[in-house]
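# Descriptive structure summary
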Amino acid sequence: MAVLVSLLAACGDRAPAPPAGPAPREEMARQYTRLMKSIDLQFENLQADLADGKPEAEARARLGSIRSLAEQASRLPYRADEAENRDLAFQFAAFLDALKKVEQSPWTGAEGLRSWRTVGTACAACHNLYRKD
Ligand code: HEC
């Protein structure tokens, strides 16, 4: 017992070192927001490219960027609630599946715009659950 008490006292002496930067979770949350902003930019530019009749290869390059950004965001368990982090990862997997399906559709003209709206619906499926603004 005495040993335990002195052990505890010794631990109490050592104050935890102040964190060097922002808490990792805060940093993850900032990174997550940055990734969402980049995804959004690609998504908006994709619509503009389709409206301008750009070649399909450009649309596919933007889809590739959206995929890679979403994969990065999916690896950031930035929420305090671990169950939410697990569900978010699950939602990202569903989004990436939907993206894979719609990538097989044509990406020019009216059909391209329809495919673009399908991607938007997949974004909204997660936002309806997890985005508050
Ligand atoms: C699996 C979930 C998920 C998917 C898929 C997803 N988002 Fe998000 N998005 C979020 C969450 C959660 C937030 C809110 C982040 C926060 O502030 O906690 C968010 C925030 C945003 C924001 C606001 C960023 C800011 O400035 O605060 C934009 C814009 C956005 N998403 C665009 C998109 C677009 C476009 C797509 C689809 C191409 C998409 N997102 C797909 C979960 C998702």
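In what follows, the accompanying structure is described. Keep in mind that this is a model prediction, so the values were computed, not measured. (Residues numbered from 1 in each chain as written. Predicted model: local features only at pLDDT ≥ 70, side-chain atom pairs only at ≥ 80, totals over all residues.)

## Topic: the overall build of the chain
The line we're drawing: What counts as a helix is a DSSP run of H or I of at least four residues, what counts as a strand is a run of E of at least two, and both are numbered from the N terminus. Exposure classification rests on a simple neighbour count of other C-beta atoms within 10 Å of a residue's own: a residue reaching 20 or more is buried, one at 12 or fewer is exposed, and one in between is partly exposed. C-beta atoms are placed from the backbone. Contact between two residues is assigned whenever their backbone-derived C-beta positions fall within 7 Å.
For the chain, the helix and strand inventory stands at five helices and zero strands. Listed by position from the N terminus, the elements making up the chain come as α-α-α-α-α. Per-residue burial over the chain gives 13% buried out of 133 residues. Long-range pairs, those at least 24 residues apart, make up 60% of the contacts in the chain with a sequence separation of at least 6.

## Examining the site of the ligand
Let me state the cut-off plainly: Placing the C-beta atom from the backbone, one calls a residue near a molecule or strand if that atom lies within 6 Å of it. All amino acids are sorted into three groups, where Ala, Val, Leu, Ile, Met, Phe, Trp, Tyr, Cys and Pro are nonpolar, Asp, Glu, Lys and Arg are charged, and the leftover types, Gly among them, are polar.
Taken together, 19 residues lie near the ligand, and Met 36, Asp 40, Phe 95, Cys 123 and Cys 126 sit nearest. Listed by contribution, the elements that provide at least two residues to the shell around the ligand are helix 2 (24-51), helix 3 (56-74), helix 4 (82-103) and helix 5 (109-130). Looking at side-chain class alone, the shell around the ligand contains 13 nonpolar, three polar and three charged residues.

## So, the packing of helix 3 against helix 4
To be explicit about the condition: The axes are straight lines fitted to the C-alpha atoms, using for helices just the contacting stretch, and the angles between their N-to-C directions are given from 0 to 180°. These descriptions rest on fixed angle ranges, namely under 35 degrees for roughly parallel, over 145 for roughly antiparallel, 65 to 115 for roughly perpendicular, and the rest for oblique. Crossing handedness is read from the near helix: turned anticlockwise from the far helix by less than a right angle, it gives a left-handed crossing, and turned clockwise, a right-handed one.
Where helix 3 meets helix 4, the axes come as close as 10 Å, and the angle between the chain directions of the two elements is 165°. With respect to helix 4, the element helix 3 is oriented roughly antiparallel. Remark: the crossing between helix 3 and helix 4 carries left-handed chirality. The segment helix 3 lies against helix 4, with Leu 63, Ile 66, Arg 67, Ala 70, Ala 73 and Ser 74 engaging Ala 89, Phe 92, Phe 95, Leu 96, Leu 99 and Glu 103.

## Re the nonpolar core
Here is the rule we go by: Buried Ala, Val, Leu, Ile, Met, Phe, Trp, Tyr and Cys residues form a nonpolar core when they are connected through C-beta atoms within 7 Å.
Membership of the largest hydrophobic core is limited to 12 residues, which are Leu 46, Leu 50, Ala 59, Leu 63, Ile 66, Leu 69, Ala 70, Ala 73, Phe 95, Trp 107, Trp 116 and Ala 122. Mapped onto this core, the elements with two or more residues apiece are helix 2, helix 3 and helix 5. A total of six residues in this core trace back to one element, the largest contributor, which is helix 3. If we skip the residues at most four places from it in the chain, Trp 116 touches Leu 46, Gln 47 and Leu 50.

Honestly, it's all geometry; don't read function into it.
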